[in-house]
Amino acid sequence: MTSRNQDQGRKARVTRAAVVLVLMIAPTRAGAQDPAATAANEAPRPITLTEAVSLAEKNAPRMVQARGRTRQSAAQVRSGYGAFLPSLGFSMFANRQLPSEGSRTQAGPGGEIQPLSDASYGFTTSANIDIFNGGRRLNELNQAKATQDAAESQEIADRFGTTLDAKQAYFAVLAYREAQIAAQAGIDEAEQQFRAAVARVRAGSSTRSDSLRSENQLRNARLTLVETQNNYAVANATLTRIVGTPHPVTAAAEDTLSLVGIALGEAQLIQLVEAGPDVQVAEAELDAAQAGKSISRAAYLPEISAGYSYRGSGTDSQFGFGDDDFSYNGSLGLNLSFPIFDQFRREEQRVRANVAAENAEANLRDTRLAARENLATFLGAYRTAEQRVFAQTATLSTAEEDLRVQQRRYQVGASTLLDLLTSQAAVNDAREALIRARFDQRVAKAQLEALVGRPL
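Rules used throughout
Residues numbered from 1 in each chain as written. Predicted model: local features only at pLDDT ≥ 70, side-chain atom pairs only at ≥ 80, totals over all residues. Heavy atoms only, no water. Core = buried A, V, L, I, M, F, W, Y, C linked by side-chain atoms within 4.5 Å. Buried < 20%, exposed > 50% of the residue type's maximum accessible area, 1.4 Å probe, protein only. Helix = DSSP H or I, 4+ residues; strand = E, 2+ residues; numbered from the N terminus. Contact = heavy atoms within 4.5 Å. Axes fitted to C-alpha atoms, helices over the stretch in contact; angles between N-to-C directions. Parallel < 35°, antiparallel > 145°, perpendicular 65-115°, else oblique. Left-handed = near helix turned anticlockwise from the far one by under 90°. Nonpolar A, V, L, I, M, F, W, Y, C, P; charged D, E, K, R; others polar. Pairing = 2+ DSSP bridges. Phe/Tyr/Trp six-rings, centres within 6.5 Å; stacked < 30°, edge-to-face > 60°. Polar contact = N/O pair within 3.5 Å; in protein donor to acceptor, adjacent residues only side chain to side chain. Patch = residues over 30% accessible without salt bridge, like charges linked within 9 Å, V, L, I, M, F, W, Y side chains within 5 Å. Areas by Shrake-Rupley, 256 points an atom, 1.4 Å probe, with all protein chains shown as cover. Salt bridge = Lys/Arg side-chain N within 4 Å of Asp/Glu carboxyl O. Expected span 1.5 Å × (residues − 1). pLDDT = per-residue confidence, 0-100.

1. Here we look at the nonpolar core
Piece 1. Core analysis: the largest hydrophobic core is formed by 21 residues, its most contacted members being Tyr170 and Leu239.
Piece 2. For this core, the elements supplying multiple residues, two or more each, are helix H5 (136–203), helix H6 (208–243), strand E6 (249–251) and helix H10 (417–452).
Piece 3. When residues of this core are assigned to their parent elements, the largest contribution, nine residues, is made by H5.
Piece 4. When residues no more than four places from it in sequence are discounted, the contact partners of Leu239 are Ala52, Ala166, Ala169, Tyr170, Val173, Val249, Thr250 and Ala251.
Piece 5. Leu286, Ala289, Ala360 and Ala371 belong to the second-largest nonpolar core, a separate cluster that totals 19 residues.

Next comes the structure, spelled out in structure tokens:
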């Protein structure tokens, strides 16, 4: 009996210890949550369209790469200017010979024994400059400048491209938010119709088929809401990725019904398109290709360079500043080189440069025509979407009024459920069409802004 009591006492102590251990570990596990999981569960923070564009221009990989190309091209221009300056060099050396066995001393002039000299030191200072190289330096500098202009223009184009991506993602969030509101309104209307149908069935003024159809309509309306909620969550995730924030974001509520408009006429837009970012990039690439042709011609001209060097060497460990003087010497050289035959490499280089210039010229012509084509496409899409917004706004108002009338008529038995469902479908279609028209209008304007390279 005593042994049984002892076993029970031990089990009780073990149980209490386990409970205490669990209570100690639980807060630690609760506090040590995964940051990624915490961010995923965090409610999206509303940001304005201006903030979304600013964040995207700062964090998007496309913009990071564009800024890097601009810095590289600026360094290339700086290097092109440096080619006109002489190159300078300085070097030092120290050598120590390890004598073999039996050769560690030598006899001095007076017969005294001296240690073997086993170290020597020296330095060399040099300067070189190209006096003439067929104009290659100047053409390479011009090519570097043209490349820098192309990089800067491409950065502008990438900025507006990134802005377009951010705006499209932002407008998608607005559209799906409107779709959620419309889906919830559809649920409210379906519930009202379902209650009216049930009431008529109970009153014997309608068949059970009406209540079943109303129930199906309600079920479909709820499914539509779930789908729009999923699309809204995906749109928020897409916007978060584009703006590059560690926390989820969403569009601000005040931008939901923001109006869009273009203050410029078609003639002004055509002028802007002629100097748009894509056209500027193509023009700079053509300038760089033309400079490449000049560089290829320079290979047929002689090159002249000059150099000067000053050397000192000796056994002084202080490099000539000690008691033992160095022996110094200097040299001045002038070099002339002229390639007579290089196995047709110059000809190949020139053909490559000519082909590159022809391609750049054709690309510039096509870019200008493509800009005109895109202007016609985007401007037409904007005007069409604008008219659709006006038309669908009126259509939705009419459809909602028709639905209201049909609901009252159905409640008093003056119309059938089919008439009511038809009116409800018309309202749903009008809402969806209006949301799509607003989205298309906003996107079309953003495309025009990316094309001309400035806000409209």
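2. Regarding the packing of H5 against helix H8 (residues 277–298)
Packed helices, taken two at a time, are described by the angle their axes make and the gap between the axes.
Piece 1. Where H5 contacts H8, the two axes come as close as 8 Å, and the packing angle between them is 165°. Between H5 and H8, the interaxial angle falls into the category roughly antiparallel. In this structure, the crossing between H5 and H8 has a hand that is left-handed.
Piece 2. Class assignment for the residues of the contact of H5 with H8 results in 11 nonpolar, nine polar and six charged.

3. A closer look at the pairing of strand E7 (residues 303–314)
Piece 1. As defined by bridge partners, strand E5 (residues 119–132) adjoins E7 across 11 bridges and the pair is classed as antiparallel. The residue bridging Phe132 from the neighbouring strand is Ile304, located in E7.
Piece 2. When E7 meets strand E8 (residues 327–337), the two strands line up antiparallel, connected through 11 bridges. Its bridge partner being in E8, Ile304 is matched across the sheet by Leu336.

4. A short note on the packing of aromatic side chains
Piece 1. Evaluation of the coordinates by the stated rule reveals five aromatic pairs.
Piece 2. Ring geometry for Phe341 versus Phe344: centroids 5.2 Å apart, planes at 90°, classification edge-to-face. Side by side, Phe341 and Phe344 carry an identical accessibility label, which is exposed.
Piece 3. A network of ring pairs unites the aromatic residues Phe90, Phe123, Tyr310 and Tyr328 as a single cluster.

5. Brief notes about the side chain of Thr70
Piece 1. Of note, Thr70 is situated in helix H4 (residues 61–82).
Piece 2. The exposure class of Thr70 is buried, given its relative accessible area of 15%.
Piece 3. Of note is the side chain of Thr70, whose polar atom sits 2.7 Å from the side chain of Glu155.
Piece 4. The residues touching Thr70, leaving out its near neighbours within four places in the chain, are Ala151, Glu152 and Glu155.

6. Focus on a nonpolar patch on the surface
Piece 1. There is a patch of nonpolar side chains on the surface, built from Ile131, Phe132, Leu301 and Leu334 and spanning about 370 Å² of accessible area.
Piece 2. Tracing the backbone shows Ile131 in strand E5.
Piece 3. Owing to a relative accessible area of 47%, Ile131 belongs among the partly exposed residues under this scheme.

7. A look at unusual backbone geometry
Peptide bonds are mostly trans, and most non-glycine residues show a negative phi.
Piece 1. Although it is not a glycine, Gln343 adopts a positive phi angle of roughly 60°.
Piece 2. For Gln343, the location among the structural elements is in the loop between E8 and helix H9 (345–411).
Piece 3. On the basis of relative accessibility, which here comes to 53%, the residue Gln343 falls in the exposed class.
Piece 4. The backbone of Phe344 shows a phi angle near 65°, a positive value even though the residue is not glycine.
Piece 5. In this structure, Phe344 sits in the loop between E8 and H9.

8. Thoughts on H9
Piece 1. In this model H9 runs 91 Å from its N-terminal to its C-terminal C-alpha over 67 residues, within 8% of the 99 Å that 1.5 Å per residue would give.
Piece 2. Once H9 finishes, Gly413 follows within two positions and takes phi at roughly 85°, a positive value.

9. Let's talk about the environment of Leu334
Piece 1. Along the chain, Leu334 turns up in strand E8.
Piece 2. On a C-alpha basis, the gap between Leu334 and Asp130 in space is 9.8 Å, while along the polypeptide they are 204 residues apart.
Piece 3. Leaving out residues up to four positions away in the same chain, Leu334 has contacts with Ile131, Ile304, Ser305 and Ala306.

10. What about the packing of H5 against H10?
Piece 1. The contact between H5 and H10 brings their axes to 9 Å, and the two run at 170°. By the angle class used here, H5 and H10 are roughly antiparallel.
Piece 2. Among the residues forming the contact of H5 with H10, the class breakdown is 17 nonpolar, five polar and seven charged.

11. A look at the side chain of Gln148
Piece 1. Within the fold, Gln148 resides in helix H5.
Piece 2. Discounting residues that sit within four places of it in the chain, Gln148 has contacts with Ser73, Ala74 and Val77.

12. A word on the confidence of the model for the chain
Piece 1. In this model, the chain carries an average pLDDT of 82, and 83% of its residues clear a pLDDT of 70 or more.
Piece 2. Per-element averaging of pLDDT across the chain places helix H1 (residues 2–31) at the bottom with 44 and H4 at the top with 92.
Piece 3. Across residues 1–6, confidence stays below pLDDT 50; counting only partners more than four residues off in sequence or on other chains, it has zero contacts.
Piece 4. Below a pLDDT of 50 lies the segment residues 14–38, which in the model reaches one contact outside its immediate sequence neighbourhood of four places, other chains included.

13. Here's the deal with the pattern of salt bridges
Piece 1. Tallied over the full model, the rule gives 20 salt bridges.
Piece 2. In this structure, Arg62 and Asp165 form a salt bridge, with 3.6 Å as the shortest nitrogen-oxygen distance. Here Arg62, found in helix H4, pairs with Asp165, found in helix H5; they are 103 residues apart in sequence, far enough to count as distant.
Piece 3. Relative accessible area serves as the criterion here: at 36%, Arg62 is assigned to the partly exposed category.
Piece 4. Where salt bridges share partners, they join Arg62, Arg69, Asp158 and Asp165 into one cluster.

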